[in-house]
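So you can see what is in the structure, the chains are spelled out below.
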Amino acid sequence: PRSTLFPYTTLFRSVERIPFTDNGKIDRTAVAAALSAALSGQSSGASAPYQAPRTQLERALCRIVADVLGRDCDAVSVHDDFFSLGGDSVLATQAVARIRQWLDSPSLMVADAFAARTVADLAQLLGGRDRNGDRLEQVADVYLEIAEMSSVDVMSALDTAASRGAEEATIE
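Cut-offs and rules
- Residues numbered from 1 in each chain as written.
- Predicted model: local features only at pLDDT ≥ 70, side-chain atom pairs only at ≥ 80, totals over all residues.
- Heavy atoms only, no water.
- Helix = DSSP H or I, 4+ residues; strand = E, 2+ residues; numbered from the N terminus.
- Buried < 20%, exposed > 50% of the residue type's maximum accessible area, 1.4 Å probe, protein only.
- Polar contact = N/O pair within 3.5 Å; in protein donor to acceptor, adjacent residues only side chain to side chain.
- Axes fitted to C-alpha atoms, helices over the stretch in contact; angles between N-to-C directions.
- Parallel < 35°, antiparallel > 145°, perpendicular 65-115°, else oblique.
- Left-handed = near helix turned anticlockwise from the far one by under 90°.
- Contact = heavy atoms within 4.5 Å.
- Nonpolar A, V, L, I, M, F, W, Y, C, P; charged D, E, K, R; others polar.
- Core = buried A, V, L, I, M, F, W, Y, C linked by side-chain atoms within 4.5 Å.
- Salt bridge = Lys/Arg side-chain N within 4 Å of Asp/Glu carboxyl O.

**Section: the environment of D141**
Next, step 1: Along the chain, the position of D141 falls in helix α6 (residues 135–147).
Next, step 2: Among the residues examined, D141 registers a relative accessible area of 39% and is labelled partly exposed.
Next, step 3: C-alpha of D141 to C-alpha of T55: the two residues are 86 residues apart in sequence and 9.4 Å apart in space.
Next, step 4: Polar side-chain contacts of D141 include one of 2.6 Å to the side chain of Q56.

**Regarding the packing of helix α2 (residues 56–69) against helix α5 (residues 119–129)**
Next, step 1: Running from N to C, α2 and α5 cross one another at 125 degrees; their axes reach a closest spacing of 9 Å. Here α2 lies oblique to α5, going by the angle between them. Where α2 crosses over α5, the handedness of that crossing is right-handed. Residue-level inspection shows L57, E58, L61, C62 and V65 of α2 in contact with α5, the latter providing V119, A120, L122, A123 and L126.
Next, step 2: Of the residues assigned to the contact of α2 with α5, the class counts are 9 nonpolar, no polar and 1 charged.

**Quick notes on the nonpolar core**
In globular proteins that are soluble, nonpolar side chains generally tend to be buried together.
Next, step 1: One finds L57, L61, F82, I99, L103 and L126 to be the most contacted residues of the largest nonpolar core, which totals 32 residues.
Next, step 2: Put simply, the parts of the chain that give this core at least two residues each are α2, α3 (89–102), α5 and α6.
Next, step 3: Not counting the four nearest positions on each side in its chain, L57 is found in contact with L103, A123, L126, L136, E137 and A140.

**Description of the pattern of salt bridges**
Next, step 1: Evaluated as defined, the whole model comprises 6 salt bridges.
Next, step 2: One salt bridge in this structure joins D81 and R117, with 2.7 Å as the shortest N-O distance. Highlighted residues: D81 in the loop between α2 and α3 and R117 in the loop between α4 (110–115) and α5, separated in sequence by 36 residues.
Next, step 3: With relative accessibility at 18%, the residue D81 sits in the buried group.
Next, step 4: Overall, R117 belongs to the partly exposed group, its relative accessible area being 33%.
Next, step 5: Where D130 meets R135, a salt bridge forms, and the shortest distance between an N and an O atom there is 3.9 Å.
Next, step 6: Each of D104, D130 and R135 takes part in salt bridges that share partners, so that together they form one network.

Right under this line is the structure:
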């Protein structure tokens, strides 16, 4: 009976075969990709065209998402659905934690990652919360600069900054 269906079920799709993993469990990534394709009106083999990040914030978010998903930065488009790329609730939690830390966005919640499933939507959400206008773009720019540095370069820059601070403290 209809009363036993989930109240938010909006799409039913008949498939010839349910995809399974090697362990015999339902392959949620493949199912999510098929559902995403069905919702966007595409065949399950087609994908949306790649769109590069337009801002530093989008570039930083693409890098963080790609890092969490174990993908190349250039493989994540601003309009790719996080969950269609293989993301799940655990990876969404990791992505949110990194975004909070690296982009100084403590107000970001895991629920936001579920609501804003693409980099473009997430950037728009974070930008709307940015009271200082351009602050997030500046933070993203610094993050990207640091992310492209080697560990040795980062440590050297930190040592240089620490020695400058010590020199200034002794002058005063």
